[in-house]
Amino acid sequence: MNVRQAVVMVGGKGTRLRPLTNNRPKPILPVLDRPCLLYLIGSLAAAGINEIILACGYRSEKMAAAIGDGSAHGISIEYSYEDVPMGTAGAIKLLEDRLDDTFVAVNGDVFADIDLKGEILEHKRTGASVTISLARVSNPCEFGIARLDDDGRITEFKEKPRPEEVFSDLINAGVYVMEKKILGYVPKGKMYDLSKELIPDIMGKGHRVQGHMMNGIWMDVGRPGDLIAANLAAAETFAGNSVTGDVSGSKITEPFYIGHNGKITDSDISSSVISEGSQVHASRVSGSLIMARCAVSGAEISGSIIGEGCTVMNGAVIERSVIADGKTIKENEVIRDKVLE
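As the structure is a prediction and not an experimental result, all values here were calculated from the model. (Residues numbered from 1 in each chain as written. Predicted model: local features only at pLDDT ≥ 70, side-chain atom pairs only at ≥ 80, totals over all residues. Heavy atoms only, no water.)

Draft legend 1. Here's a closer look at the overall build of the chain. When helices and strands are tallied, the chain shows 6 helices and 28 strands. Relative to a compact globule of 341 residues, whose C-alpha radius of gyration would be 20 Å, the chain shows 21 Å and is just as compact. Burial analysis of the chain (341 residues in total) assigns 53% to the buried set. Within the chain, counting contacts between residues at least 6 apart in sequence, those at least 24 apart form 52% of the total. In the chain, 37 side chains carry a positive charge and 45 a negative one; their mean positions are 3 Å apart. (Helix = DSSP H or I, 4+ residues; strand = E, 2+ residues; numbered from the N terminus. Rg over C-alpha atoms; globule rule 2.2 N^0.38 Å. Buried < 20%, exposed > 50% of the residue type's maximum accessible area, 1.4 Å probe, protein only. Contact = heavy atoms within 4.5 Å. Lys, Arg positive; Asp, Glu negative; His and termini not counted. Charge placed at Lys NZ, Arg CZ, Asp CG, Glu CD.)

Listed below in structure tokens is the structure:
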């Protein structure tokens, strides 16, 4: 069974990441100066997927501009646009006539560098109608959780349980190998959710839903702290903890990344990502993501995201905050626990 198609669901608005998503869809937010979604696309291509359909909604023109047609990866990327949000299963239903009998469906609002080949083989071995990738997390209440039998079949599945309802730390990581036949259970022209509605429905009808432990890096990037964590995880994994670029006279504590044409002088940088074209001088930066083309001088930044093209002036202090693109933080200005639109 050669699985060659994938539908990547990227229609969300990323409201918890505003103001960073005011002007761009969440899946193209940067991880080491690359759109987050490109890591997942690379994983799909490595698993033999050669045709990807992006089910888009919000700011889809920026998605297409950032991701392209797939030729750089030797694959085809096409775009499907929703006039009205249809939910995750509804978005796939719209593509039913274009899909193979077996295909991959993926939630694209994550940072993922994963090995999909094992999940495809597990799907084939068990004859499941759907195989779902699973990951272990410490707080499963924001996800769908699964209980497995001895052969990995999912026997119980609950979406976003309350703390007292948690029966497992195995969560749905949003990567599915699916048989097209189950789309027959998705109503036409109606908003319908894959994990909340379709999966429980087909389990109730006796279809086999298989669980498969994910192999690789998978991280939700729903909140600002998650986006910082994804960048730091990528810095550890892909940047080889190496210091590149100009870091004259500075103390650097890994994990660390500096992008093309970035420059750091006379600064103390720890566990941070300084994106392409950003200049940091005589500053202290920790646990933060400074996006592209920023200028920071004589400032202290911790646990924060600084949007593209910002200027942070001498004496400014920014803690646990998110700054929108293009803002100027004035001399000696203090920003703590804020989202600056």
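Right, picking up where we left off after that structure.
Draft legend 2. Spatial organisation of the sheet that holds strand β20 (residues 295-297). Spatially, β15-β17-β20-β23-β26 is the arrangement adopted by the 5 strands of the open sheet, whose pairing is parallel. Each edge of the sheet is formed by a strand with only one pairing partner; in this case those strands are β15 (263-265) and β26 (328-329). (Pairing = 2+ DSSP bridges.)

Draft legend 3. Summary view of helix α6 (residues 224-238). With 15 residues, α6 should cover 21 Å at 1.5 Å per step; its first-to-last C-alpha distance of 21 Å lies within 8% of that length. All buried positions along α6 are accounted for by Leu 227, Ile 228, Ala 230, Asn 231, Leu 232, Ala 233, Ala 234 and Ala 235. (Expected span 1.5 Å × (residues − 1).)

Draft legend 4. Here's a closer look at the nonpolar core. The biggest cluster of nonpolar side chains holds 36 residues, and the ones touching the most others in it are Leu 44, Ile 52, Leu 54, Ile 67 and Val 104. Within the residue set of this core, elements represented by two or more residues are β1 (5-10), α1 (36-46), β4 (51-56), α2 (60-67), β5 (76-81), β6 (102-107), β7 (110-114) and β11 (170-179). With 5 residues, α1 is the single largest residue contributor to this core. The contact partners of Ile 67, leaving out residues within four places of it in the chain, are Ile 28, Pro 35, Leu 37, Leu 38, Ile 41, Leu 54, Ile 77 and Tyr 79. Core analysis: the second largest hydrophobic core is formed by 30 residues, Met 9, Met 178, Tyr 192 and Ile 202 among them. (Core = buried A, V, L, I, M, F, W, Y, C linked by side-chain atoms within 4.5 Å.)

Draft legend 5. Spatial organisation of empty space enclosed by the protein. If you walk through the whole model with that rule in mind, you get 1 cavity of 30 Å³ or more. By volume, the largest cavity is sized at about 40 Å³. If you trace the largest cavity, you find it lined by Ile 114, Asp 115, Leu 116, Glu 119, Ser 133, Val 175, His 212, Met 213, Met 214 and Asn 215. (1 Å grid on protein atoms, 1.4 Å probe; cavity = no way out; pocket = protein on both sides within 12 Å on 5 of 7 lines; lining within 4 Å. Points joined across faces, edges and corners; volume = space filled by probe spheres on them.)

Draft legend 6. View of the environment of Pro 85. Along the chain, Pro 85 turns up in the loop between β5 and α3 (87-93). Taking the C-alpha atoms as reference, Pro 85 lies 7.0 Å from Met 191; in sequence the two are 106 residues apart.

Draft legend 7. A look at the packing of aromatic side chains. Enumeration according to the criterion identifies 3 aromatic pairs in this entry. Aromatic pair Tyr 79 and Tyr 81: ring centres 6.4 Å apart, planes at 10°, arrangement stacked. Exposure remark for Tyr 79: the relative accessible area of 18% places this residue in the buried category. Over the face of the ring belonging to Tyr 39 we find Arg 34, whose NZ or CZ atom lies 4.5 Å from the ring centre. (Phe/Tyr/Trp six-rings, centres within 6.5 Å; stacked < 30°, edge-to-face > 60°. Lys NZ or Arg CZ within 6 Å of the ring centre and 35° of its normal.)

Draft legend 8. Looking closely at the side chain of Ser 278. Within the secondary structure, Ser 278 is located in the loop between β16 (268-274) and β17 (279-281). Setting aside residues up to four positions removed in sequence, Ser 278 forms contacts with Asn 261, Gly 262, Lys 263, Ile 290, Met 291, Ala 292, Arg 293 and Cys 294.

Draft legend 9. Broad picture of the pattern of salt bridges. This model, assessed by the stated rule, comprises 22 salt bridges. Ionic pairing is found between Glu 165 and Lys 158, a salt bridge with its closest N-O pair at 3.9 Å. For Glu 165, a relative accessible area of 23% gives the class partly exposed. Arg 336 is paired through a salt bridge with Glu 319; the nearest N and O atoms lie 2.8 Å apart. Linking Arg 336 in strand β27 (residues 334-336) with Glu 319 in strand β24 (residues 317-319), this pair joins segments that are 17 residues apart in sequence. For Arg 336, a relative accessible area of 43% corresponds to the partly exposed category. (Salt bridge = Lys/Arg side-chain N within 4 Å of Asp/Glu carboxyl O.)

Draft legend 10. Region of interest: helix α4 (residues 117-126). Within the span of α4, buried status applies to Glu 119, Ile 120, Glu 122, His 123 and Thr 126. One side of α4 carries all its buried residues, which in axial view fall inside an arc of 160°. Looking at α4, the residues exposed on the side facing more than 90 degrees away from the buried face are Leu 121 and Lys 124. Its buried side turned inward, α4 meets β6, β8 (130-136), β11 and β12 (209-213). At the C-terminal side of α4, Gly 127 shows a positive phi close to 65°. (Arc of directions from axis to C-beta.)

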